[in-house]
Amino acid sequence: MIHPHHYKALFKLGLPIVIGQLGMIVLGFADTLMIGHHSTEDLAGASFVNNMFNLAIIFATGFSYGLTPIVGSLFGKGEQEAVGRTLKNALLVNGLIGILLTLVMGALYLNIHRLGQPEELLPLMRPYYIVLLISLIFVMLFNAFKQFADGITDTQTPMWLLIGGNVLNIFGNWVLIYGHFGFPEMGLLGAGVATLTSRIMMLLAFATIFFTGKRYQPYKEGFLSGKLNKSDFLQLNKLGWPVGLQMGMETASFSLATIMVGWLGATALAAHQVMLTIGQLGYMMYYGMAAAVAVRVSNFHGQKDTESVRHSASAGFHIILLMAICVSIPLFLLKNEIGGWFTDNDEVTLLVASLIVPFIIYQFGDGMQCNYSNALRGIADVKPVMYIAFIAYFIISLPAGYLFGFVFDWGLTGIWLSFPFGLTSAGLMFWWRFRSQTK
């Protein structure tokens with residue numbers, strides 16, 4: 001039986017994170033709507049590039065999650081200066097990872113013409129890709145500040161910064177995609193420039209708040225007096241890499257599936273992009289609440305309160321299941337209209353409608369894997385998540401996508417039918433691991 005106070009505490013802690021995540025969803029919808037109504041070719045080009053970068057962004061986010069249980073533990077002990085010192089080391093580590101990701105994605109850029117994408121889209125993809133490449137380092141540094149704030153239970157500051165950044169991005173899209181206020185009509189490239197600008201401004205805003213805000217004063221003192229050290233560096237890497245790889249492999253299964261979708265042509269790519277944008281609605285909400293689960297579980301784990309660890313994780317899963325129902329019902333009822341919101345192309349709209357049922361099927365597995373992978377992060381049992389993710393997404397999901405899509409000749413719908421297999425198997429394995437570690 002779950003005690004009601006676990007639900008209440010998770011809502012209080014997780015709601016600002018979820019709202020911040022929803023702000024990112026609104027941005028994703030706005031990007032896709034604005035790009036799609038500029039041209040179907042822009043939408044198809046954005047699909048490929050965004051999915052390649054989603055792999056890097058999700059890995060970066062997962063890596064930064066390694067900071068949260070460290071900060072949460074120190075915060076629980078009242079060691080504020082140590083928290084500030086850890087943030088200083090986290091900015092260094094995240095910055096180095098940002099440089100590494102930039103090099104990796106730069107190598108992919110040099111080979112983009114070898115990935116079997118429609119030739120006519122390459123002139124649109126390349127400049128957009130470069131602008132997003134420049135923005136990676138700013139994402140990593142912002143993530144360090146965000147996970148620090150979440151770890152000290154200040155989930156509202158990141159929420160407002162994310163909302164503000166998204167508003168700036170949407171306004172920039174309107175100005176630069178279509179050409180307003182004297183700016184040239186830049187199309188897809190304009191969307192990239194708007195994204196880069198908003199990411200830079202969000203980082204500058206968070207740094208300003210940290211160094212000037214009264215709430216962060218004790219942590220700033222620890223930041224300024226603390227030293228970069230090997231112990232923090234190794235601990236951040238020890239926790240960050242497994243979570244980053246787990247989330248990266250999940251995203252990679254979608255990104256590699258996007259390459260397969262590209263073999264089906266620009267129309268399939270455009271429909272795929274619309275559905276991935278919709279899919280982010282559930283995923284980001286689930287991960288927002290799951291992040292709160294990680295914080296609560298880490299607090300109880302530090303207190304050696306195993307019963308509350310289990311109850312917090314179960315309560316989180318119940319809340320996420322409710323979210324999944326709230327996401328799925330309206331999408332099913334509006335399945336024939338959704339594609340038309342994003343594009344005037346009737347073929348794309350029909351393809352989108354055919355993907356709604358596979359999407360609804362995988363919501364249970366997606367919510368389960370979000371919840372229990374974060375519960376494992378809360379008890380610092382992060383290494384097994386890498387192996388589970390590899391099995392679920394590379395051994396199960398990707399081969400199933402090729403089998404359904406091309407061997408069975410089910411096309412785009414077949415590729416999407418593989419996602420429930422990967423996500424549900426991951427969720428079940430994470431749940432089993434968590435249960436075995438908290439008996």
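These numbers were taken from a predicted model, which means no experiment stands behind them.

Student: Any chance you could explain the overall build of the chain here in plain terms?
Tutor: For the chain, the count of helices and strands is 17 helices and 0 strands. Computed over C-alpha atoms, the radius of gyration of the chain comes to 21 Å, within 12% of the 22 Å expected from 2.2 N^0.38 for 439 residues, which places it in the range of a compact globule. Dimensions of the chain, computed from the C-alpha atoms along their principal axes, are close to 60 × 50 × 35 Å. For the chain, the proportion of contacts with a sequence separation of at least 24, taken over those separated by at least 6, is 83%. Surface accessibility of the chain: about 17,400 Å² in total, with carbon and sulfur atoms responsible for 68%.

Student: Help me understand the environment of Gln-235, please; the structure alone is not making it clear to me.
Tutor: Mapped onto the secondary structure, Gln-235 falls in helix α9 (residues 230-262). For the pair Gln-235 and Leu-124, spaced 111 residues apart in sequence, the C-alpha separation works out to 41 Å.

Student: Would you mind showing me how to read the side chain of Gln-246 here?
Tutor: Counting through the fold element by element, Gln-246 comes out in helix α9. Setting aside anything within four residues of it in sequence, one finds Gln-246 in contact with Tyr-287, Gln-369, Ser-373, Val-385, Met-386, Ala-389, Tyr-393 and Phe-430.

Student: Sorry, what's going on with the packing of helix α3 (residues 67-76) against helix α5 (residues 122-151) here?
Tutor: A packed helix pair is summarised by two numbers, namely the angle formed by the two axes and the spacing between the axes. Across the interface, α3 lies against α5 with an axial gap of 8 Å and an inter-helix angle of 35°. In this structure, α3 crosses over α5, and the sense of that crossing is right-handed. Packed against α3, whose contacting residues are Leu-67, Thr-68, Val-71, Gly-72 and Phe-75, the element α5 presents Ala-144, Gln-147, Phe-148 and Gly-151 at the interface. Residue classes in the contact of α3 with α5 are distributed as 5 nonpolar, 4 polar and no charged.

Student: When you look at the packing of aromatic side chains in this model, what are you seeing that I'm missing?
Tutor: To describe a pair of aromatic rings, you give the distance between the ring centres and the angle between the ring planes. Tallied over the entire structure, the rule returns 36 aromatic pairs. Plain terms: the ring middles of Phe-171 and Trp-174 are 6.2 Å apart, the flat faces sit at 35° to each other, and that makes the pair tilted. Of the two residues, Phe-171 and Trp-174 are both situated in helix α6 (residues 156-178); the distance of 3 residues between them amounts to about one turn of the helix. Taking relative accessible area as the criterion, Phe-171 reaches 45% and is therefore assigned partly exposed. Owing to a relative accessible area of 35%, Trp-174 belongs among the partly exposed residues under this scheme. With a centroid separation of 5.2 Å and an interplanar angle of 50°, the aromatic rings of Tyr-283 and Tyr-287 are classed as tilted.

Student: I'm lost on the state of the cysteines in this one. Help?
Tutor: All told, the structure shown has 0 disulfides when counted by the stated rule. Of all cysteine sulfurs, the one in Cys-370 lies closest to Cys-326, which takes part in no disulfide; the gap is 16 Å. Take Cys-370: its relative accessible area is 0%, and that puts it in the buried class.

Student: Looking at this model, I keep getting lost on the nonpolar core. Mind explaining?
Tutor: Within soluble globular proteins, side chains that are nonpolar generally end up buried alongside one another. Core analysis: the largest hydrophobic core is formed by 131 residues, its most contacted members being Phe-148 and Trp-416. Top contributing element to this core by residue count: helix α10 (residues 266-302), with 20 residues. In contact with Trp-416, other than residues within four places in its own chain, are His-272, Met-275, Leu-276, Leu-355, Pro-358, Phe-359 and Tyr-362.

Student: When you look at the packing of α5 against helix α7 (residues 188-212) in this model, what are you seeing that I'm missing?
Tutor: At a minimum axis distance of 8 Å, the contact between α5 and α7 shows a crossing angle of 20°. The angle between α5 and α7 places the two elements in the roughly parallel class. The two elements α5 and α7 cross, and the hand of that crossing is left-handed. Grouping the constituent residues of the contact of α5 with α7 by class yields 24 nonpolar, 3 polar and 2 charged.

Student: How should the pattern of salt bridges be read in this particular structure?
Tutor: Where charged atoms from two side chains of opposite charge approach closely, those side chains can pair. Applying the stated criterion to the full structure yields 4 salt bridges. Note that Asp-232 is salt-bridged to Arg-85, the shortest N-O span being 2.7 Å. Highlighted residues: Asp-232 in helix α9 and Arg-85 in helix α4 (residues 80-110), separated in sequence by 147 residues. Put simply, Asp-381 and Arg-433 hold a salt bridge, and the shortest N to O gap is 2.8 Å. Of this pair, Asp-381 sits in the loop between α14 (363-378) and α15 (383-407) while Arg-433 is found in helix α17 (residues 419-437), placing the two residues 52 residues apart along the sequence. Judged by relative accessible area, which is 12%, Asp-381 ranks as buried.

Student: Can you help me understand the environment of Val-83 in this one?
Tutor: Position of Val-83 relative to the elements: it lies in helix α4. For Val-83, a relative accessible area of 0% puts it in the buried group. The sequence separation of Val-83 and Ser-73 amounts to 10 residues, and the corresponding C-alpha distance is 9.3 Å. When sequence neighbours within four positions are dropped, the list of residues in contact with Val-83 reads Val-71, Leu-74, Phe-75, Phe-148, Ile-152 and Tyr-219.

Student: Help me understand helix α2 (residues 40-64) in this model?
Tutor: Given 3.6 residues per helical turn, the α-helix brings residues three or four places apart onto the same face. With 25 residues, α2 ought to run about 36 Å at 1.5 Å a step, and its terminal C-alpha atoms sit 35 Å apart, in line with that. The sharpest bend along α2 reaches about 25° and sits at Asn-54. Of all 25 residues in α2, 21 are buried; the element is thus mostly enclosed.

Student: Explain helix α12 (residues 335-342) here, please?
Tutor: Buried within α12 are the following residues: Ile-338, Gly-339 and Phe-342. The buried residues of α12 all sit within an arc of 90° when viewed along its axis, so they share a single face.

Conventions we followed
- Residue numbers run consecutively from 1 along every chain, following the written order of its sequence.
- Local features are withheld for residues below a pLDDT of 70 in this predicted model, meaning they are given only at 70 or higher, and side-chain atom pairs are given and counted only at 80 or more; totals for whole chains, interfaces and linings count all residues.
- Hydrogens and water molecules were not included; the side-chain quantities draw on all heavy atoms of the structure.
- For the purposes of this entry, the term helix denotes a DSSP run of H or I that reaches at least four residues, the term strand denotes a run of E that reaches at least two, and both are numbered from the N terminus.
- Atoms counted for the radius of gyration: C-alpha only. Globule rule: 2.2 Å times the number of residues to the power 0.38.
- Every residue pair with non-hydrogen atoms within 4.5 Å of one another is taken to be in contact.
- For the area figures, the Shrake-Rupley method with a 1.4 Å probe applies, and any residue is considered shielded solely by the protein chains shown.
- Fitting a line to C-alpha atoms yields each axis, with helices limited to the stretch in contact; the angle taken between N-to-C directions then spans 0 to 180 degrees.
- Put simply, a crossing is left-handed when the front helix is turned counterclockwise from the back one by less than a right angle, and right-handed when it is turned clockwise.
- By the convention adopted, Pro, Cys, Tyr, Trp, Phe, Met, Ile, Leu, Val and Ala count as nonpolar, Lys, Arg, Asp and Glu as charged, and the other residues, Gly among them, as polar.
- Only the six-membered ring of Trp is used, alongside the rings of Phe and Tyr, when aromatic pairs are assigned; centres must lie within 6.5 Å, and planes under 30 degrees apart are stacked while those over 60 apart are edge-to-face, with the rest tilted.
- Buried means the residue's accessible area, taken with a 1.4 Å probe over protein chains only, is under 20% of the maximum for its type, while exposed means over 50%, and partly exposed covers the values in between.
- Here, a disulfide means two cysteine sulfur atoms that sit within 2.5 Å of each other.
- Buried residues of nine kinds, namely Ala, Val, Leu, Ile, Met, Phe, Trp, Tyr and Cys, make up a nonpolar core once their side-chain atoms join them within 4.5 Å.
- Just so you know how the angles are binned, under 35 degrees is roughly parallel, over 145 roughly antiparallel, 65 to 115 roughly perpendicular, and the rest oblique.
- Salt-bridge detection follows one rule: a side-chain nitrogen of Lys or Arg within 4 Å of a carboxyl oxygen of Asp or Glu.
- The length a helix should cover is 1.5 Å for every residue beyond the first.
- At every residue, the bend is computed as the angle between two fitted axes, covering the seven residues ending there and the seven beginning there respectively.
- To obtain the arc, one takes the directions from the helix axis to the C-beta atoms.

Any link to function would need more than the numbers given here.
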